[in-house]
There are 2 protein chains.
Amino acid sequence: MTTTASSATPAFVAVDWGTSSFRAWLMAADGTELAETRGSEGMLHCATSGFAPVLHDHLGKLRAPAELPVLICGMAGARQGWIEAPYLHTPTRLDALHAGAIRVETGGDVRILPGLAQARTDRPDVMRGEETQLLGVTEPDFSGTVCIPGTHSKWIRIESGAVVGFATYMTGELFAVISQHSILMHAVEPNASSEGGAAFRAGLETALAAPTSLTNALFRVRAAQLLGFEQRAEGAARLSGLLIGSEIVDAHARFGAAYPVRLIGAGRLGRLYREALAASGFDVSECDAEQASRRGLIKAARQIWGARF
Amino acid sequence: MTTTASSATPAFVAVDWGTSSFRAWLMAADGTELAETRGSEGMLHCATSGFAPVLHDHLGKLRAPAELPVLICGMAGARQGWIEAPYLHTPTRLDALHAGAIRVETGGDVRILPGLAQARTDRPDVMRGEETQLLGVTEPDFSGTVCIPGTHSKWIRIESGAVVGFATYMTGELFAVISQHSILMHAVEPNASSEGGAAFRAGLETALAAPTSLTNALFRVRAAQLLGFEQRAEGAARLSGLLIGSEIVDAHARFGAAYPVRLIGAGRLGRLYREALAASGFDVSECDAEQASRRGLIKAARQIWGARF
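Residues numbered from 1 in each chain as written. Chains lettered and ligands numbered in written order. Predicted model: local features only at pLDDT ≥ 70, side-chain atom pairs only at ≥ 80, totals over all residues. Heavy atoms only, no water.

Per an unreviewed UniProt entry, chain A goes by the name 2-dehydro-3-deoxygalactonokinase and belongs to Bradyrhizobium aeschynomenes.

And the structure:
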């Protein structure tokens, strides 16, 4: 899909290149989006077909002028991606991200932003892509907690504009593998919505009340249906409540609720987290996930090429 | 496989018919095994091919005399099994299991023992097969806690010979689906042993120290390898330690360590649990899982047909 929104002068191309998706925007110097393109050619796809042709194809769809700078965030910078953009290690200021960008040896000025690593043996953790969203939604002196739900949900503590610690929860991926590959496949309808409602809240409350019992609570989703207490139609929402609740109760203990939480979410998942965070006593404000990526890419691009815009 | 051990008079056939396995023994009245047969024709197999021909085939391998009574435990009695043997509800005495046996309409006297259900809306749970192992390893006035590790690990509180409560943990199944279908497939070697050792103990200690952090600790298995802190060869043992530790820390809180624990285990898994239970402060005694099933079937058979033996 390609849309053209304005005739202002293009300054650079912003690319969010994830594991299984590609999104790019033709950007004006003032941060206006001039055109957009999306595809399913994520890192996994490109690892076999190559990255340069995919980028070239999408630049064509955006009608980007030749030699326009390109700034990329996400898994394209992983070791198994296009070229490795080595992790910046925490603690690190978000406005230093641009300094870690790696230039790709290809036509034009194409750079990939680095991910972040928490290189502590007791809490090893990594992110790629979310650091750009963080840059996008925070002011230079921001202090607080950010929650980015997803396949691998991230919780990040930021102090005075620097990421000082973070934790990844396998919430979204566990939902998928448990509902598709475990005995709970009989307790969750395929392609069921895990939209909120009573079953979601019940799962959430179970997790908040007994936060060490997850692997037992999962089996009880099946047992409750076998015993006629619950319906299969409720299974997905209940499983979602259990997993999101398990994440939030641990994050609450680790990151505290003293700071307000910025939730970088979108659509259904954003709504579920907003409900769950509020139920857990967090003060929440929301930002859109795609807008966060774009804003982070603009900020970094201005630091890299601002004089040329 | 069929082995013949003695020429004593056969009294009945004991069958442990699980989800994916079939085991039967030709038994003398005094509890001696006279012959054994095993196969992979579990409930899932028989749901399409039928149960009667499989039993008939194995009775032939055992050279069981015609019309010898047959007593079955396990998933053959599930709703989706041969014939449903409705659950006995907790609290229930284990020596009342035989009274819930359902006779199958087939040649000879073939009966299936019931499973147990904890029909509480706040803690719904079910078992099929383990109740017979419990009968096998407990005296009529037994009080204590029993742990049965496996795909779906069970923890059972027994008071004066009656099951008063139990909990199922999806430990073994989560190990399988996470190591085969999630991003941890890159962090766990296929068919790797999760035998004990330093990585198993490290996973265990992580779970015991931070029992609400499982879904974060899982991701850290991957992150630690990306950052060069751990090796892929250690991944399976670490994952196993995390999941078994999560089970045990919750069971410890729920069932307490005041009573000694009887561990019904076998082989590698039994050794892992023994180590983990000891590390968690439990006083453990062990019983063999197959022997437990056989002894439970013998006890129940004597109650049903004792006068005829």
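This next bit is on the domain arrangement of chain A. Residue and element names in this part refer to chain A. Under the domain assignment used here, chain A contains domain 1 (2-139 + 291-308) and domain 2 (171-288). A C-alpha centroid distance of 31 Å is found between domain 1 and domain 2. If you look at the interface, domain 1 gives seven residues, while domain 2 gives five residues. Between domain 1 and domain 2 lies a buried interface of about 530 Å² when both sides are counted; carbon and sulfur atoms form 49% of it. The largest per-residue losses of area from domain 1 upon contact with domain 2 belong to R123, V137 and Q291, which jointly make up 67% of the total buried on that side. In this structure, E139 and R262 form a salt bridge, with 3.1 Å as the shortest nitrogen-oxygen distance. Taken together, the links from domain 1 to domain 2 amount to four residue pairs in polar contact (both at pLDDT 80 or more). If you list the elements that add at least two residues to the side of domain 1 that touches domain 2, you get α3 (130-137) and α9 (289-305). A class-by-class count of the residues in the side of domain 1 that touches domain 2 yields two nonpolar, three polar and two charged. (Domains from an automatic or database assignment. Contact = heavy atoms within 4.5 Å. Buried area = accessible area lost by both parts, 1.4 Å probe. Salt bridge = Lys/Arg side-chain N within 4 Å of Asp/Glu carboxyl O. Polar contact = N/O pair within 3.5 Å; in protein donor to acceptor, adjacent residues only side chain to side chain. Helix = DSSP H or I, 4+ residues; strand = E, 2+ residues; numbered from the N terminus. Nonpolar A, V, L, I, M, F, W, Y, C, P; charged D, E, K, R; others polar.)

The next subject is the relation of the copies chain A and chain B. Of the two same-sequence chains, chain A is brought onto chain B (RMSD 0.0 Å, axial shift 0.0 Å) by a rotation of 180°. The superposition operator between the copies reduces to a two-fold rotation axis. Among all residues of chain A, the minimum C-alpha distance to the rotation axis is found for T212 of chain A, at 2.5 Å. In this assembly, 100% of the residues forming the interface of chain A have copies in chain B that are likewise at the interface, indicating an isologous arrangement. (Least-squares fit on C-alpha atoms with pLDDT ≥ 70 in both.)

Now for empty space enclosed by the protein. Counting across every chain of the model gives three cavities of 30 Å³ or more. Considered as a void within the structure, the largest cavity measures approximately 80 Å³ in volume. Every residue along the wall of the largest cavity is listed here: P211, T212, S213, L214, T215 and S246 of chain A together with P211, T212, S213, L214, T215 and S246 of chain B. Of all the elements in the fold, those that place two or more residues in the lining of the largest cavity are α6 (214-226) of chain A together with α6 (214-226) of chain B. A per-class count over the lining of the largest cavity returns four nonpolar, eight polar and no charged. (1 Å grid on protein atoms, 1.4 Å probe; cavity = no way out; pocket = protein on both sides within 12 Å on 5 of 7 lines; lining within 4 Å. Points joined across faces, edges and corners; volume = space filled by probe spheres on them.)

Strand pairs in the sheet, formed through backbone hydrogen bonds, run parallel or antiparallel to each other. Residues and elements named next belong to chain A. The strand order across the open sheet formed by three strands is β6-β10-β11, and the pairing between neighbours is mixed. With one partner strand each, in any of the chains shown, β6 (88-89) and β11 (125-127) form the two edges of the open sheet. Pairing geometry for strand β10 (residues 116-118) and β11, over three bridges, is antiparallel. Its bridge partner lying in β11, Q118 is registered against D125. (Pairing = 2+ DSSP bridges.)

Right, let's get into the pairing of strand β13 (residues 153-159) of chain A. A regular strand carries its side chains on alternate faces of the sheet. Residues and elements named next belong to chain A. Of all seven residues making up β13, six are buried, and the element is well covered by its neighbours. Counted along the chain from strand β12 (residues 144-148) to the antiparallel partner β13, the turn is four residues long. Summarising the sheet, β13 and strand β14 (residues 162-169) pair through seven bridges and their orientation is antiparallel. When the sheet's bridge partners are listed, I158 is paired in β14 with V163. Between β13 and the antiparallel strand that follows it, β14, lie two residues; S160 among them carries a positive phi value of about 50°. (Buried < 20%, exposed > 50% of the residue type's maximum accessible area, 1.4 Å probe, protein only.)

Further remarks concern the packing of α6 of chain B against helix α7 (residues 235-255) of chain B. Residue and element names in this part refer to chain B. Contact pair α6 / α7: the axes reach a minimum separation of 11 Å and the direction vectors enclose 170°. By the angle between their axes, α6 is roughly antiparallel relative to α7. Between α6 and α7 lies a crossing of right-handed hand. The segment α6 lies against α7, with L214, A217, L218, V221 and Q225 engaging G235, R238, L239, L242, L243 and S246. Broken down by class, the residue content of the contact of α6 with α7 amounts to seven nonpolar, three polar and one charged. (Axes fitted to C-alpha atoms, helices over the stretch in contact; angles between N-to-C directions. Parallel < 35°, antiparallel > 145°, perpendicular 65-115°, else oblique. Left-handed = near helix turned anticlockwise from the far one by under 90°.)

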